[in-house]
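Each chain is listed here by its residues.
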Amino acid sequence: MPLSLAVILRRMARSANQESRRLIRRRLTNGLVIGGIALGAPALFNAIVARRARRLPRPRWGSTRHIEIDGDRVAFVHLESPRRGSRPPMVLLHTFGPGHTGLLWRETAERLARSHDCFVPDWLGWGDSERRNQRYTAQLYIDLLGRFLEEVVGERAVLVAPHRAAAYAVEAALNATDLVAALALVGPQGIGTEVTDERSDPVIHSLLRAPVLGRSALNLVTGERAIENHLRRETLFGAEGLGESMVEQLYRASHLPGASHALVDSLCGRLGHRLQAGFGDRVKLPVWLAWGRQATNPPLENADLWLQEMPNADLDVFDGCRNLPHVERPAKFAAALTAFIERQRFAA
């Protein structure tokens, strides 16, 4: 009996996600092995890395601001549009990876700000936001997003969310319908096998929390060469296309004091969030899906799963892009998203 299309798609998605997790585990394990050879050498190595990492420079785009939410400082960049008030603002959420911050949105945000106010926050634990030693979870970020919409944006906004953050945006839209005007989901995760297979690994989590050995493993994951390799897997042109300054910024952000806490929870699968089956029936908003044609995590085939849940959603596929079309093709991405918003009729 031939396999159904849905089964084939699930198996392809599972294979891509398992390969990604295998690479992460191998890199972390190698770091732990190296760290276990001798405690003195890793300690010296870690001290050298810490000295090399410097404070992040103040962003030279938009207006950098901070707000305190439930006792935690949240940093964000605000880009004011000359057409402010005539169109809904946008909230651009960043992905989770070594050193990832709102900076990854810069090229696209500056284009979107020609017609929309843009808010680009750093998630708690990342970038210039508070980086406490605590457990970071999907629910923490879902709650944070709701508070950010209420206390910072203060009006119905378009949520632009890639990968895991897409599930957070959907939950925010379901929880605060009066604060979300539309959803723009980029290579979204939250349904399908990539969430089922993403389970927290308590052994690796404990090892990565170890003061010397864990720090040594993380320094391998967040080294400049490792970040370059990470970008090559996420994009078709890799670090070269993003420029040396981007690699340097990600490197420095990944070595800020406390930056490892959220990264460990991300690497160990604690930030994934599964959306409830049938959630699409409850989403009464315009929805735009963006995917790189050569995407691997999740692959383009997963778009069918999202269209089954939300058949009225629009889908734009970007050629020559892998997992970060908003970084790889900022001009085309901004133009497509702006065109989608212009086709909508938002209530006053």
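An account of the accompanying structure is given in this report. No experiment lies behind these values; they were computed from the predicted model shown.

**A short note on the overall build of the protein**
Item 1. Looking only at helices and strands, the protein has 15 helices and 8 strands in total.
Item 2. Residues counted as buried form 56% of the 348 residues belonging to the protein.
Item 3. Partitioning the contacts of the protein with sequence separation of at least 6, the portion at a separation of at least 24 is 78%.
Item 4. Split by element, the accessible area of the protein, about 15500 Å² in all, is 50% carbon and sulfur.

**Brief notes about helix H5 (residues 164-175)**
Item 1. The terminal C-alpha atoms of H5 lie 17 Å apart, and with 12 residues this matches the ideal 16 Å at 1.5 Å per residue to within 8%.
Item 2. Most of H5 sits out of view: 11 of its 12 residues are buried.
Item 3. Contact partners of the buried residues in H5: helix H4 (138-153), strand S5 (157-162), strand S6 (180-186), helix H12 (259-267) and helix H13 (303-309).

**Observations concerning the pattern of salt bridges**
Oppositely charged side chains can pair when the atoms bearing their charge come close.
Item 1. All told, the structure shown has 12 salt bridges when counted by the stated rule.
Item 2. A salt bridge links Arg147 to Asp70; the shortest N-O distance between them is 2.7 Å. Taken together, the positions of Arg147 in helix H4 and Asp70 in the loop between strand S1 (63-69) and strand S2 (72-79) put the pair 77 residues apart, joining distant regions of the chain.
Item 3. Here Arg111 makes a salt bridge to Glu107, at a shortest N to O gap of 3.4 Å. In this pair, Arg111 and Glu107 are both assigned in helix H3 (residues 106-112), 4 residues apart and thus about one turn of the helix distant.
Item 4. Given a relative accessible area of 43%, Glu107 falls into the partly exposed group.

**Digging into the side chain of His163**
Item 1. Relative to the helices and strands, His163 resides in the loop between S5 and H5.
Item 2. On the basis of relative accessible area, His163 is assigned to the buried category, the value being 10%.
Item 3. With near-sequence residues (within four places) excluded, His163 lies in contact with Thr95, Val186, Gly187, Pro188, Gln189, Glu234, Asn297, Asn323 and Leu324.

**Looking at the environment of Arg132**
Item 1. Looking at where Arg132 falls in the secondary structure, it is placed in the loop between strand S4 (118-121) and H4.
Item 2. Spatially, the C-alpha atoms of Arg132 and Ala262 are 8.6 Å apart, while their sequence positions differ by 130 residues.
Item 3. Contacts of Arg132, omitting those with residues within four sequence positions, involve Gly71, Asp72 and His261.
Item 4. At a separation of 3.0 Å, a polar atom in the side chain of Arg132 contacts the main-chain carbonyl oxygen of Gly71.

**Let's talk about the environment of Leu92**
Item 1. Tracing the backbone through its elements, the reader meets Leu92 in strand S3 (residues 90-92).
Item 2. Put simply, Leu92 and Cys118 are 26 residues apart on the chain and 7.2 Å apart in space, counted from C-alpha to C-alpha.
Item 3. In this structure, Leu92 is in contact with Trp105, Ala109, Leu112, Cys118, Phe119, Val120, Pro121 and Val160, ignoring residues within four places of it in sequence.

**Quick look at the packing of aromatic side chains**
Item 1. Inspection of every chain in the model, using the stated rule, returns 16 aromatic pairs.
Item 2. Between Trp288 and Phe318 the ring centres are 6.4 Å apart and the planes differ by 85°, which places this aromatic pair in the edge-to-face class. Of this pair, Trp288 sits in strand S7 (residues 287-292) while Phe318 sits in strand S8 (residues 314-318), and the two are 30 residues apart along the sequence. Both residues of the pair, Trp288 and Phe318, count as buried.
Item 3. Joined through ring pairs, the aromatic side chains of Phe96, Trp123, Trp126, Tyr136, Tyr141 and Tyr168 make up one cluster.

**A word on the environment of Ile227**
Item 1. Within the fold, Ile227 resides in helix H9 (residues 224-234).
Item 2. On the basis of relative accessible area, Ile227 is assigned to the buried category, the value being 1%.
Item 3. On a C-alpha basis, the gap between Ile227 and Gly97 in space is 9.0 Å, while along the polypeptide they are 130 residues apart.

Definitions and limits used
- Residues numbered from 1 in each chain as written.
- Predicted model: local features only at pLDDT ≥ 70, side-chain atom pairs only at ≥ 80, totals over all residues.
- Heavy atoms only, no water.
- Helix = DSSP H or I, 4+ residues; strand = E, 2+ residues; numbered from the N terminus.
- Buried < 20%, exposed > 50% of the residue type's maximum accessible area, 1.4 Å probe, protein only.
- Contact = heavy atoms within 4.5 Å.
- Areas by Shrake-Rupley, 256 points an atom, 1.4 Å probe, with all protein chains shown as cover.
- Expected span 1.5 Å × (residues − 1).
- Salt bridge = Lys/Arg side-chain N within 4 Å of Asp/Glu carboxyl O.
- Polar contact = N/O pair within 3.5 Å; in protein donor to acceptor, adjacent residues only side chain to side chain.
- Phe/Tyr/Trp six-rings, centres within 6.5 Å; stacked < 30°, edge-to-face > 60°.

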